[in-house]
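# Coordinate analysis (summary)
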Amino acid sequence: MNVTDRFLKYVSFDTQSNETSGTTPSTPGQRVLAEELVKELQELGLEDITLDDNSYLTATLPANTDKQAPVIGFIAHLDTSPDLAGKEVKPGIVNYQGGDIVLSEKENILLSPDMFPELTDYTGQDIIVTDGTTLLGADDKGGIAAIISAMDYLINHPEIKHGKIRIAFTPDEEIGQGADHFDVDQFGCEWAYTVDGGQIGELEYENFNAAGAKVIFKGLNVHPGTAKDKMVNASLLATKFASWLPAHQRPEHTTGYEGFYHLTHMSGTVEEATLSYIIRDHDRKLFEQKKELMQALVDQMNLQHPGSTTLEIRDQYYNMREMVEPRQHIIDLAFEAMTSVGVTPIVKPIRGGADGSRLSFMGLPCPNIFAGGHNFHGRYEYLPVQSLEKSMQTIIEIVDLLAKQN
């Protein structure tokens, strides 16, 4: 089975995560896929295959040389985003010759270079798309397919000498819980790579510092006919508060290393209202300042309306750069591997987070390499076949180069 066939098989499993379930994995479909992967790894001949109660799947490709090399790992996640349906995915392969790709003629859903100009970079290539009604699942079933296909290739090409390799597939990355029960000691690697990046060539070892915040407003509801100088409308307090945050620091106005405040949910009545935010910044100092501003605005609201407003804030993860950068050889190895297989590395900060950010602070330095997809978390997600193949080749080359260095 080649890497494309594997990917098409994996996207048939419904593995959307659910942040409200309170279980690990958060949805049963992730366990179903993990159990199927166990069978496949057994058939390939991998060893030490372990699927724990929380659906963390690990396995080993033993060394085939007496030369000592560091034990390294490759990691991808089982779940897909809850942002759009992931059930009954209907993938198709289009040989792209330019112009719009019709995903759904009935619903007039088009994948267009007018909206996504990078699509033209893949003219002449085969591109895997959906029918426009679901996610594709390249995030991160592309990573799973690339890792397993790389292990399959190495098993069938023993002339490529390598040290011990560990692989892992984790649940619930999309809801920020992918590293919650990851056993770094049991994994036993000096470092690892998550294969969870986007376009071909992406190499990432910087990510946002991240926090979640909830602002709760208490109002006073009286009959509107007698409300003068008495009513305090919690929903209006919430909208006032939202207007105080700097508009230029919203996601739609930021790029690169610029951080943001992102209003993700709001609800309200006269009596009570809530605003939920995520706070992001690559720079730790600016990240702390963003949280301080949030508190200062809550304090300001309470000066105007005493006792009306409370803030709940929780750090989620930090920028892996401070853990990875001191071990530059990890990045250099991935950079050289990409170049060796004809891929131009694109070193860029992740405008988000990944399991690797938390794992790096848990003692497993873990930068991120591309799986090849575009437009994650939405109906316009697509995966060029050649990019997926290059992801697999990059993994093989990392392993080969590392053995030759030792």
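Use the structure listed above.
Below is a summary of the structure that appears in this document. (Residues numbered from 1 in each chain as written. Predicted model: local features only at pLDDT ≥ 70, side-chain atom pairs only at ≥ 80, totals over all residues. Heavy atoms only, no water.)

### Section: the sheet that holds strand β16 (residues 368-370)
Applicable threshold: For two strands to count as paired, DSSP must find a minimum of two bridges between them. Each helix corresponds to a stretch of at least 4 residues labelled H or I by DSSP, and each strand to a stretch of at least 2 residues labelled E; elements are numbered beginning at the N terminus. We call two residues contacting when some pair of their heavy atoms lies within 4.5 Å. Angles here are taken between N-to-C directions and fall from 0 to 180 degrees, while the axes themselves are lines fitted to C-alpha atoms, restricted in helices to the stretch in contact.
Judged by pairing direction, the sheet is mixed, and its eight strands sit side by side in the order β1-β2-β8-β3-β9-β16-β10-β15 without closing on themselves. One side of each edge strand has no neighbouring strand; the edge strands of this open sheet are β1 (47-51) and β15 (346-347). Inspection of the sheet shows strand β3 (residues 72-77) paired to strand β9 (residues 191-197) by four bridges, in the parallel sense. Bridge assignment links Ile-72 to a residue of β9, and that residue is Trp-191. Packed on one face of the sheet, helix α2 (residues 28-44) meets β1, β2 (57-61) and β8 (165-170) and runs near 170 degrees to β1. Docked against the sheet, helix α3 (residues 138-156) engages β2, β3, β8 and β9, running at close to 145 degrees with respect to β3.

### What about the sheet that holds strand β14 (residues 309-317)?
What the four strands build is an open sheet, ordered β12-β13-β11-β14; its pairing is antiparallel. On the outer flanks of this sheet lie β12 (260-268) and β14, each paired with one strand and no other. The average angle at which neighbouring strand axes cross in this sheet is 15 degrees, direction not considered. As judged from the eight bridges shared by strand β11 (residues 209-218) and β14, these two strands associate in the antiparallel manner. By the bridge assignment, Ile-216 is partnered in β14 with Thr-310. Together, β11, β12 and β13 (272-281) form the strand contacts of helix α5 (residues 234-244), whose direction differs from that of β13 by roughly 20 degrees. Sheet contacts for helix α6 (residues 284-304): β11, β12, β13 and β14; angle to β14, the most-contacted strand, approximately 165 degrees.

Function cannot be read off these values alone, since they describe shape.
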